[in-house]
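# Overview (structure and organization)
Listed here are the chains, written in short residue letters.
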Amino acid sequence: MVNPVFAAPISVIDDRQNTVTLQQPAQRIISLAPSTTELVYSAGAGNKLVAAVSFSNYPEAAKNLPLVGSYNQFDLERVLAYQPDLVISWYSGNQPEAIEQLEKLGIAVYRTETRYLEQLPETLIKIGQLAGTEAKAQQEAEHFRQTLQHLKDNYSTKAKVRVFYQVWNQPLITINQENLISQVIEVCGGDNVFAELNSIAPRIDVEAVLKANPDAIVTSGMDEQRPEWLSDWKAWPNLKAVQDQQLHFVPPDHIQRQTARVLLGAERLCQQLDRTRRIKVGSQQGDNQS
């Protein structure tokens, strides 16, 4: 057995290409986003979490963690009070100045910024390396890769379904191709009708949706229940998605969080778009015969 005193330091490269180095596996971890809390548990290091931020609600044990604020406004002094040897942050969600301050005080920070599905298993492994739980993290990462490949094999090459993903209703917000959700749509054999827009979460208007005329409209909203405003599209009966009753809902925690559970959302979305696909193909065949 290697004496931990003489063990080599642990170094990994985070999602922002920063080197994160620990002299020994982390024993006191703080997570600064609900998604990173999930990732730490998935990597087998949940028992090393000493604090998190609000809305860290999965798995069940995460609900009992002490809180240091929210992802976009955490309490720096409270973080320091828990004496973490590793902080897992969310680059585009956390306050950059506060993260930099943690580093100046000598705390190791791993920045997550997941833009690609293939990043998730790599992130799990790196967190596992930093926490000394690499075997569990490797197992979860391999399960993720296999499940993702299975979904791609089953759906990605099928007839394309044109999809409008609605993030919110007022203002009307969608996603472009840089968003992880757009990649889930591609896995399911869908085409994001607003993929080419410049912003990762662009604001659009109703006229743009009417012009795009998607085969399906998909949303998640904020809660576990289907948002009432999804049905507002019925006011435009000429929309193909409305005509064919293809207004779909995916729970937000299963598709809007960059965690292993995104595959639950992917599986549900793939099944929904497959129903849309059958209706679309059937309609085209009917038109050809008439």
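Bear in mind that the values here come from a model prediction, so they are computed numbers and not experimental data.

### A short note on the packing of aromatic side chains
Inspection of every chain in the model, using the stated rule, returns 5 aromatic pairs. Taking 5.1 Å as the distance between ring centres and 45° as the angle between the ring planes, the aromatic pair formed by Tyr71 and Trp90 counts as tilted. Residue Tyr71 is located in the loop between strand S5 (69-70) and strand S6 (73-74), and its partner Trp90 is located in strand S7 (residues 86-90); the two are separated by 19 residues in the primary sequence. A relative accessible area of 21% places Trp90 in the partly exposed class. Each ring, one from Phe164 and one from Trp233, has its centre 5.8 Å from the other, and the planes form 85°; the classification is edge-to-face. Of the two residues, Phe164 sits in strand S9 (residues 161-166) while Trp233 sits in the loop between strand S11 (216-219) and helix H8 (240-243), which places them 69 residues apart along the sequence.

### Details of the environment of Tyr41
As for its placement among the helices and strands, Tyr41 is situated in helix H1 (residues 34-42). The sequence separation of Tyr41 and Leu124 amounts to 83 residues, and the corresponding C-alpha distance is 9.4 Å. Those residues in contact with Tyr41 that sit more than four places away from it in its chain are Gly46, Leu49, Tyr58, Pro59, Ala61, Ala62 and Leu65.

### Some thoughts on the state of the cysteines
Tallied over the entire structure, the rule returns 1 disulfide. Shown here is the disulfide that connects Cys188 with Cys270, its sulfur atoms set 2.1 Å apart. Around the S-S axis, the bridge from Cys188 to Cys270 shows a dihedral of about -85° and counts as left-handed. Taken together, the residues span a long stretch of sequence, with Cys188 in the loop between helix H6 (180-187) and strand S10 (190-192) and Cys270 in helix H9 (residues 262-289) at a distance of 82 residues. For the pair Cys188 and Cys270, one class covers both residues: buried.

### With respect to the sheet that holds strand S4 (residues 49-51)
The 4 strands are arranged S4-S3-S7-S8 in an open sheet whose pairing can be described as parallel. The open sheet has two free edges, formed respectively by S4 and strand S8 (109-112), since each of these has just one partner strand. Each strand axis lies, on average, 30° off the axis of its neighbour in the sheet, ignoring direction. Pairing analysis gives 3 bridges linking strand S3 (residues 29-31) to S7, with the strands arranged parallel. Following the sheet pairing, Ile29 is matched in S7 by Leu86.

### Topic: H1
With 9 of 9 residues buried, H1 is to be regarded as a mostly interior element. Here H1 has its buried residues at Pro34, Ser35, Thr36, Thr37, Glu38, Leu39, Val40, Tyr41 and Ser42. Buried residues belonging to H1 abut S3, S4, S7, S8, helix H4 (119-131) and helix H5 (134-156).

### Considering H6
With 7 of 8 residues buried, H6 lies mostly within the body of the structure. Of the positions making up H6, those classed as buried are Leu180, Ile181, Ser182, Gln183, Val184, Ile185 and Val187. Regarding H6, its N-cap is Asn179, as a side-chain oxygen of that residue lies 2.9 Å from the backbone nitrogen of Ile181 further along. Backbone geometry just downstream of H6 places Gly189 in the positive-phi region, at approximately 80°.

### A closer look at the pattern of salt bridges
Under the defined criterion, the tally for this structure stands at 17 salt bridges. We note a salt bridge from Asp274 to Arg277, for which the minimum N-O separation is 2.5 Å. Here Arg277 and Asp274 lie together in helix H9, a separation of 3 residues that amounts to about one turn. By relative accessible area, Arg277 is classed as buried at 5%.

### What about the side chain of Glu113?
Looking at the secondary structure, you find Glu113 in the loop between S8 and H4. We classify Glu113 as buried; its relative accessible area is 9%. Once residues lying within four places of it in the same chain are set aside, the contact partners of Glu113 are Asp15, Arg16, Trp90, Tyr91, Ser92 and Gln119.

### What to know about the packing of H4 against H5
Packing of H4 against H5 brings their axes to within 8 Å, and their N-to-C directions diverge by 175°. By the angle between their axes, H4 is roughly antiparallel relative to H5. Side by side, H4 and H5 meet where Leu120, Pro121, Glu122, Leu124, Ile125, Gly128 and Gln129 of the first sit next to Glu134, Ala137, Gln138, Glu140, Ala141, Phe144 and Arg145 of the second. Its residues placed into classes, the contact of H4 with H5 shows 7 nonpolar, 3 polar and 4 charged.

### Side note on the sheet that holds strand S12 (residues 247-249)
Sheet architecture is open: 4 strands sit in the order S10-S9-S11-S12, paired in parallel fashion. In this open sheet, the two edge strands, each paired with only one partner strand, are S10 and S12. Shown here is a sheet whose adjacent strand axes are inclined to one another by a mean of 35°, direction ignored. Examined bridge by bridge, S11 and S12 share 3 bridges and lie parallel to one another. When the bridges of S12 are listed, Ile217 appears paired with Leu247.

Basis of the calculations
- Residues numbered from 1 in each chain as written.
- Predicted model: local features only at pLDDT ≥ 70, side-chain atom pairs only at ≥ 80, totals over all residues.
- Heavy atoms only, no water.
- Phe/Tyr/Trp six-rings, centres within 6.5 Å; stacked < 30°, edge-to-face > 60°.
- Helix = DSSP H or I, 4+ residues; strand = E, 2+ residues; numbered from the N terminus.
- Buried < 20%, exposed > 50% of the residue type's maximum accessible area, 1.4 Å probe, protein only.
- Contact = heavy atoms within 4.5 Å.
- Disulfide = S-S within 2.5 Å.
- Pairing = 2+ DSSP bridges.
- Axes fitted to C-alpha atoms, helices over the stretch in contact; angles between N-to-C directions.
- Polar contact = N/O pair within 3.5 Å; in protein donor to acceptor, adjacent residues only side chain to side chain.
- Salt bridge = Lys/Arg side-chain N within 4 Å of Asp/Glu carboxyl O.
- Parallel < 35°, antiparallel > 145°, perpendicular 65-115°, else oblique.
- Nonpolar A, V, L, I, M, F, W, Y, C, P; charged D, E, K, R; others polar.

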